[in-house]
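Read off the chains here:
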Amino acid sequence: MIKRILALFIIANLTACAELQNVINDLPQTGGLSNADMAAGLRQALDFGIDKQVSKLTQKDGFYKNELVKILLPEELQKLDDGLRAVGLGNLADEGLKALNRAAEDAVKEATPIFVNAVKDITFNDAKNILLGEDDAATTYLTQKTQTELYNKFKPVIDNSFNKVGADQIWNNLITKYNNLPLTNDVNPDLTDYVTSEALKGVYTMIAVEEKEIRNKVSSRTTELLKKVFAFQD
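A quick note: this is a predicted structure, and the numbers were derived from the prediction, not measured.

S.K.: Looking at this model, I keep getting lost on the pattern of salt bridges. Mind explaining?
M.R.: A side chain of one charge can pair with a side chain of the opposite charge when the charged atoms of the two come close. Evaluated as defined, the whole model comprises 11 salt bridges. Salt-bridge contacts for D61 lead to R102; the nearest nitrogen and oxygen are separated by 2.9 Å. With D61 in the loop between α2 (35-57) and α3 (75-86) and R102 in helix α4 (residues 90-121), this residue pair connects regions lying 41 residues apart in the sequence. Each member of the pair D61 and R102 is classed as buried. In this structure, E198 engages K201 in a salt bridge whose closest nitrogen and oxygen atoms are separated by 3.2 Å. With a gap of 3 residues between them, E198 and K201 both fall in helix α8 (residues 191-216), about one helical turn apart. When its relative accessible area of 48% is taken as the criterion, K201 is described as partly exposed. What you see here is one network of salt bridges that share partners, running through D61, K65, R102 and E105.

This is the structure:
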């Protein structure tokens, strides 16, 4: 009887060990790549996205002529745009749209260090999951971790940019003209809040562009660290 119990115990343990080994075999092999390397590589990819892609947004027409991030009018201002064009004020409507994008372009120039510092502070505890995730997994992670803080820091920059590029005066003039038109309902949108949100979306979009490039094009991995880390992803 005792021999049978011992035999069953040994068989059970061997089975458990075999199942554990199967689980281990199914795990991706890192080939000596440490979590620190993976985290550093992902941070470097995000840094490159900020330096290479986000910098484009700071140039004149960086938002306005980039269809990926161009800031369009919020829904409640579509009727304002239609109303002004209907009475021959299309040029004013165009200037208003351009002013929103100019404010974003100006703000990103001042806010870029905020994004750089945010990337430096990120610890990728789940670096392997991000590396083996979707083409924008690192950008999505960055967005989730930093969006609220960056919004709070970014909004006053946008507000100052509105004054700097004259967007506040342009839109006060546009809204006043529209509200004085007959048979229209008055509008008074919070444009600072809207442009802040849209500008942040634009920044994250451009970071994602660079992340996708690095993930999918070996030629875009311009450092040894990027080559090492993203070769593991391949």
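Still to come is the rest of the account.
S.K.: When you look at the layout of surface pockets in this model, what are you seeing that I'm missing?
M.R.: Considering only enclosed or pocket space, the largest pocket measures out at about 160 Å³ in volume. Together, 12 residues line the largest pocket, and N117, A118, D121, T146 and E149 are the ones closest to its centre. Every element with two or more residues in the lining of the largest pocket is listed here: α4 and α6 (137-165). The element that contributes the greatest number of residues to the lining of the largest pocket is α6, accounting for 6 residues.

S.K.: Which parts of the structure should I look at to understand the packing of aromatic side chains?
M.R.: Here a ring pair, both rings aromatic, is described through the centre-centre distance and the interplanar angle of the planes. By the definition in use, this model includes 0 aromatic pairs. Note that K70 overlies the ring of Y64, its terminal NZ or CZ placed 4.6 Å from the centroid.

S.K.: Can you walk me through the side chain of E105 in this structure?
M.R.: For E105, the location among the structural elements is in helix α4. Only 3.2 Å separates the side chain of E105 from the backbone nitrogen of Y64, close enough to count as a polar contact.

Criteria and thresholds
Within each chain, residue numbers correspond to sequence positions counted from 1 in written order. Totals for whole chains, interfaces and linings use every residue, but because this is a predicted model, local features are given only for residues with pLDDT of at least 70 and side-chain atom pairs only at 80 or more, for both listing and counting. The side-chain quantities take in all heavy atoms of the structure and omit both hydrogens and water. A pair is scored as a salt bridge if a Lys or Arg side-chain nitrogen falls within 4 Å of a carboxyl oxygen belonging to Asp or Glu. Secondary structure is summarised from DSSP: a helix means a run of H or I of at least four residues, a strand means a run of E of at least two, and numbering begins at the N terminus for each. The classification of residues rests on relative accessible area computed with a 1.4 Å probe and restricted to protein chains. Under 20% of the type maximum is buried, over 50% is exposed, and intermediate values are partly exposed. The rule is simple: put a 1 Å grid over the protein atoms alone, call a set of points where a 1.4 Å probe fits but cannot get out a cavity, call an open set with protein on both sides within 12 Å along at least five of seven lines a pocket, and count a residue as lining if it has an atom within 4 Å of a point. Grid points are joined across faces, edges and corners, and a volume is the space filled by probe spheres set on the points. Only Phe, Tyr and Trp rings are paired, with Trp represented by its six-membered ring, and only when their centres lie within 6.5 Å; those with planes under 30 degrees apart are stacked, over 60 edge-to-face, the remainder tilted. Working rule: Lys NZ or Arg CZ, within 6 Å of ring centre, within 35 degrees of ring normal, means a charge sits over the ring. Polar contact is the term for a pair of N or O atoms within 3.5 Å; when the atoms are in protein, one must be able to donate a hydrogen and the other to accept it, and sequence-neighboring residues count only if both atoms are side-chain atoms.

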